[in-house]
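Structural characterization, general
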Amino acid sequence: MSEPTIKRAGEVLRLDQVRKAFNVGTPLETEVLHGIDLSLCRGELAALIGPSGSGKSTLLNLIGLLDAPSSGELYLLGQATRDSDDEARTRLRNQVIGFVFQFHHLISAFSVLENVLMPLMIRHGKPSSADIELARGLLDEVGLSAFADKKPTQISGGQQQRVAIARALVTRPPLLLADEPTGNLDTRTAQSVFELFHRINAQFGCAVLVVTHDPRLAADCARTIQLVDGLVVSDEANPSSR
Ligand SMILES: Nc1ncnc2c1ncn2[C@@H]1O[C@H](COP(=O)(O)OP(=O)(O)OP(=O)(O)O)[C@@H](O)[C@H]1O
Ligand SMILES: [Mg+2]
């Protein structure tokens, strides 16, 4: 048995010996995460790096409650999630998590502003004037207030990704997860999206966990967690980060 991880003050996320296997009970059963211990506190900005197939997306999907561990426990804001039913998991996900994917998944029929409002509309239907004000404020924050009425197809890839970030933040989540959000972007645009993560992290104090393949973008984050073959092989503060 491993030692239980020590709880830190302001913990948003904690994983205790989290394992994930796919195709359980079949000849194809494979375990891809082999006992992950991890914690993330309010205001931390951490990069998650590792080779293709090391389990980064699998881990992010578990943390985002899009999938469930095979064993171990995952706490969000101190709340254990293993035994929660679907309804409780959905509620907790909506309260705690903002998720940004590699592909922005904006809805092309809706305007930029409506896309940002979507999580609030899913939560409580027609947006209030306060909701609209909040969404417009976030669009301003990501430098896109002039594009509120455009459709996602009318703006660039970097702008689409910034809309997706504004959408992930509209519920004011204490934890922002981003899975290779800059994987599709050129270097300069990727840099500006990361700038935005740094600014959001400093301004709103939300914890950010971001997957990247770019060592320079990772080195600029305060902490880098490295995954290899489903294990955390290093978890270090970056002396060169801002
Ligand atoms: N639904 C699934 N069923 C079976 N195996 C899966 C499933 N999802 C992921 N895997 C396997 O788990 C391993 C980890 O995959 P994962 O997508 O988490 O890697 P990753 O680190 O995100 O890679 P990349 O950098 O290429 O995105 C891989 O071997 C993958 O084939
Ligand atoms: Mg991945």
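Residues numbered from 1 in each chain as written. Chains lettered and ligands numbered in written order. Predicted model: local features only at pLDDT ≥ 70, side-chain atom pairs only at ≥ 80, totals over all residues. Heavy atoms only, no water.

Let us now look at the UniProt feature "domain: ABC transporter" (unreviewed entry) in the protein chain. Mapped onto the present numbering, the UniProt feature "domain: ABC transporter" (unreviewed entry) falls at residues 13-242. Structurally, residues 13-242 is divided into 35% helix and 27% strand, and its ends, taken at the C-alpha atoms, are 23 Å apart. (UniProt positions renumbered as here; feature names shortened; annotations may be inferred. Helix = DSSP H or I, 4+ residues; strand = E, 2+ residues; numbered from the N terminus.)

So, about the sheet that holds strand S1 (residues 11-22). Strand order in the open sheet formed by 4 strands is S2-S1-S4-S5, and the pairing between neighbours is antiparallel. Here the strands that pair on one side only, and so sit at the sheet edges, are strand S2 (30-41) and strand S5 (79-80). Pairing of S1 with strand S4 (residues 71-76) involves 5 bridges; the strand directions are antiparallel. Residue arginine 19 lies in a different strand from S4, and its bridge partner there is serine 71. (Pairing = 2+ DSSP bridges.)

For the coordinates displayed, the defined rule picks out 9 salt bridges. In this structure, glutamate 73 and arginine 82 form a salt bridge, with 3.7 Å as the shortest nitrogen-oxygen distance. For glutamate 73, a relative accessible area of 9% corresponds to the buried category. It is possible to trace a salt-bridge network through shared partners that takes in Glu11, Arg14 and Asp16. (Salt bridge = Lys/Arg side-chain N within 4 Å of Asp/Glu carboxyl O. Buried < 20%, exposed > 50% of the residue type's maximum accessible area, 1.4 Å probe, protein only.)

This next bit is on helix H3 (residues 112-124). Over its 13 residues, H3 runs 19 Å from end to end, which matches the ideal 18 Å to within 8%, given 1.5 Å per residue. A bend of about 50° at methionine 118 is the largest found in H3, and the proline proline 119 appears one to four places after it. Turning to H3, its buried residues are Val112, Leu113, Asn115, Val116, Leu117, Met118 and Leu120. Looking at the packing, one finds that the buried side of H3 touches helix H4 (129-141) and helix H5 (157-169). Phi for glycine 125, located one or two positions after H3, is positive at around 75°. (Expected span 1.5 Å × (residues − 1). Bend = angle between axes of the 7 residues up to and from the residue. Contact = heavy atoms within 4.5 Å.)

Mapped onto the fold, aspartate 229 is located in the loop between strand S9 (223-228) and strand S10 (231-237). Overall, the relative accessible area of 58% leaves aspartate 229 in the exposed class. Aside from chain neighbours lying at most four places away, what touches aspartate 229 is Val32, His34 and Ser54.

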